[in-house]
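# Reading the structure
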Amino acid sequence: MSKTKYNVAVAGATGAVGAAMLDVLERRNFPIAELRLLASERSIGKKLKFRDQEIAVQLLSKDSFKDIDVALFSAGASRSLDFAPAAAEAGAVVVDNSSAYRMDPEIPLVVPEVNPHAIGQYTKRGIIANPNCSTIQMLLPLKPIYDKVGIKRIVVSTYQAVSGSGTPAIEELKNQVMAYAGGNELVHQVYPHQIAFNCLPHIDSFLDNGYTKEEMKMVNETRKIFEDTTIGVTATTVRVPVVYGHSESVNIETREKITAAEVKDLMKDAPGVLLVDNPAECQYPLAVDCAGKFETMVGRIREDESIANGINLWVVADNILKGAALNAVQIAEVLIEKYI
């Protein structure tokens, strides 16, 4: 008989995504017996509020996971590589938000609305990987289309918020805006160029093929999640001066014809998706509207008139929530409902 409450650890609890994980656990009323907050040495003893209590942060170590059922990791790839195997060995199921394990063939890469069956593969290593934020929000609306008519090719351009680079990037954008307004010099440290009033076609490091790591994540993760290596995927990822909310222009070529009206009908029933598509009234997904919301918003749905089976979509989601914390908690919800 399964438990009614579970011991949960959050590794990286003091970071932006860690804080969002606590918020999502509370908002979704996750059944918690004990909540263990873990972080680096500089955060030991710091108290974070959860529900009606304050919980002191403990040191993240290999001995932190005794009696833990689910460990949510958002402490960076290097710490996940160091500590996630120890958590799994202690008996916890790890849901890791970093890039450390996403392309490991033994570790499931999961978006619960898209491939929940993959969660059962956690038994191989005791670890489940959370996909890249941009991949998650793109695949939510594409899944019902893929199931109905198949997808041959995806061309995606992203417009990604600075919060994807962490709190220092948010501060850099704010400081640059204030400096611009005051006629002062705009200083940059997080990004190689000014981000205020600018767009940077550069997220993560460049690879030998001319793409960035962020772009190739979208290519490889899409194929792994859909379990379909035949899909052609190409991506251009751009950092824009928005605080929260990634936006994406997605163009797909389907294997069979589907109309824009049919796609809109699919979106109305797609789990986790909110259709916002009334251009006549200037209603379409906006980054400022998605911030703090669980839904992935989809609009500007129209047929690509340059090819026989083409569809365009505009997709917007809170990158810290559905792109990270919410997706991780949803994985944990499936775990406790069906597996542990």
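Placed above this text is the structure.
For the structure given in this document, a descriptive report is provided here. (Residues numbered from 1 in each chain as written. Predicted model: local features only at pLDDT ≥ 70, side-chain atom pairs only at ≥ 80, totals over all residues. Heavy atoms only, no water.)

## Thoughts on the sheet that holds strand E11 (residues 246–254)
For clarity, the cut-off: Note on pairing: two strands pair once DSSP finds at least 2 bridges between them. In DSSP terms, a helix is any run of H or I states spanning at least four residues, a strand is any run of E spanning at least two, and both are numbered starting from the N terminus. Fitted lines through C-alpha atoms serve as axes, helices being fitted only where they are in contact, and the angles separating the N-to-C directions of these axes extend from 0 to 180 degrees. Here a residue-residue contact requires only that any non-hydrogen atoms of the pair lie within 4.5 Å.
In spatial order, the strands read E10-E9-E11-E14-E13-E12; together these 6 strands make up an open sheet with mixed pairing. Looking at strand neighbours, the two that pair on one side only are strand E10 (232–239) and strand E12 (273–275), the edges of this open sheet. Recorded for the sheet is a direction-independent mean angle of 20 degrees between the axes of neighbouring strands. As defined by bridge partners, strand E9 (residues 151–160) adjoins E11 across 8 bridges and the pair is classed as antiparallel. Its bridge partner lying in E11, Val155 is registered against Asn251. Helix H3 (residues 133–149) rests against E9, E11, E12, strand E13 (296–303) and strand E14 (310–317) of the sheet, and its axis sits at about 25 degrees to E11. Running over the sheet, helix H6 (residues 260–269) touches E12, E13 and E14 and is turned about 165 degrees from E13.

## Details of helix H1 (residues 16–27)
What counts is decided by this rule: For a helix, the expected span equals 1.5 Å multiplied by the residue count minus one. When accessible area is computed with a 1.4 Å probe and restricted to protein chains, residues below 20% of their type maximum are described as buried, those above 50% as exposed, and intermediate ones as partly exposed.
Compared with the 16 Å implied by 1.5 Å per residue over 12 residues, the 16 Å span of H1 between its first and last C-alpha is a close match. When we look at burial in H1, the residues that qualify are Val17, Gly18, Ala20, Met21, Leu22, Val24 and Leu25. Of the surrounding secondary structure, the elements contacted by the buried residues of H1 are strand E1 (6–11), strand E2 (32–39), strand E3 (47–50), strand E6 (70–73) and helix H8 (321–338). Among the residues trailing H1, Asn29 stands out with phi positive, at a value near 55 degrees.

## Description of the packing of aromatic side chains
Test applied: Side-chain rings of Phe, Tyr and Trp (the six-membered ring for Trp) are treated as a pair once their centres are within 6.5 Å; stacked means planes under 30 degrees apart, edge-to-face means over 60, and tilted covers the remaining angles.
Scanning the entire structure with this criterion turns up 5 aromatic pairs. Taking the centre distance of 5.7 Å and the plane angle of 20 degrees together, the rings of Phe65 and Phe73 count as stacked.

## Some thoughts on the state of the cysteines
Just so we agree on the cut-off: Whenever a pair of cysteine sulfur atoms sits within 2.5 Å, that pair is classed as a disulfide.
In this structure the tally under the stated criterion is 0 disulfides. A disulfide-free cysteine, Cys199 has its sulfur positioned 17 Å from the sulfur of Cys290, the nearest such atom. The thiol of Cys290 is unpaired, and the distance to the nearest cysteine sulfur, on Cys133, comes to 12 Å. On the accessibility criterion, Cys290 (0% relative accessible area) is buried.

## Some details on the sheet that holds strand E5 (residues 58–59)
Strand order in the open sheet made by the 6 strands is E5-E2-E1-E6-E7-E8, with parallel pairing throughout. Each edge of the sheet is formed by a strand with only one pairing partner; in this case those strands are E5 and strand E8 (127–129). The sheet contact formed by E1 and E6 spans 4 bridges and is parallel. Bridging across to E6, Val10 finds its partner in Leu72. Across the face of the sheet, H1 comes into contact with E1, E2 and E6 while running at roughly 155 degrees to E1. Strands in contact with helix H2 (residues 77–89) are E6, strand E7 (93–96) and E8; relative to E6, the strand with the most contacts, it is inclined by about 175 degrees.

## Focus: unusual backbone geometry
Phi angles above zero are rare outside glycine, and Arg51 is one such case at about 55 degrees. With respect to the helices and strands, Arg51 occurs in the loop between E3 and strand E4 (53–56). Arg51 sits in the partly exposed class, given a relative accessible area of 25%. The phi dihedral of Arg300 falls on the positive side, at around 50 degrees, and the residue is not glycine. Turning to its location among the elements, Arg300 is positioned in strand E13.

## Points about the side chain of Thr158
Positionally, Thr158 belongs in strand E9. Exposure remark for Thr158: the relative accessible area of 1% places this residue in the buried category. If sequence neighbours within four positions are ignored, Thr158 has contacts with Ser134, Met218, Thr236, Thr237, Val238, Ser247 and Glu248.

## Re the pairing of E4
Two elements, E3 and E4, share 4 bridges in a ladder whose sense is antiparallel. When the bridges of E4 are listed, Phe50 appears paired with Gln53. Connecting the antiparallel pair E3 and E4 is a turn made up of 2 residues, with Arg51 showing a positive phi of about 55 degrees.

## Side note on the pattern of salt bridges
Which entries qualify depends on this criterion: Here, a salt bridge means any Lys or Arg side-chain nitrogen found within 4 Å of an Asp or Glu carboxyl oxygen.
Under the definition given, this model contains 14 salt bridges. Between Arg28 and Glu333 there is a salt bridge whose closest N-O contact spans 2.7 Å. Of this pair, Arg28 sits in the loop between H1 and E2 while Glu333 is found in helix H8, placing the two residues 305 residues apart along the sequence. A salt bridge links Asp67 to Lys66; the nearest nitrogen and oxygen atoms lie 3.3 Å apart. Residue class for Asp67 comes out partly exposed when judged on its relative accessible area of 48%. Each of Asp104, Glu106 and Arg125 takes part in one network of salt bridges that share partners.

## Observations regarding the nonpolar core
Within soluble globular proteins, side chains that are nonpolar tend to cluster in buried spots. Defined as follows: Buried residues of nine kinds, namely Ala, Val, Leu, Ile, Met, Phe, Trp, Tyr and Cys, make up a nonpolar core once their side-chain atoms join them within 4.5 Å.
Grouped together as the largest cluster of nonpolar side chains are 54 residues, with contacts concentrated most on Leu142, Ile154 and Leu313. Residues contacting Leu142, with those up to four places away along its chain left out, are Ile151, Ile154, Phe226, Val250, Ile252 and Leu313.

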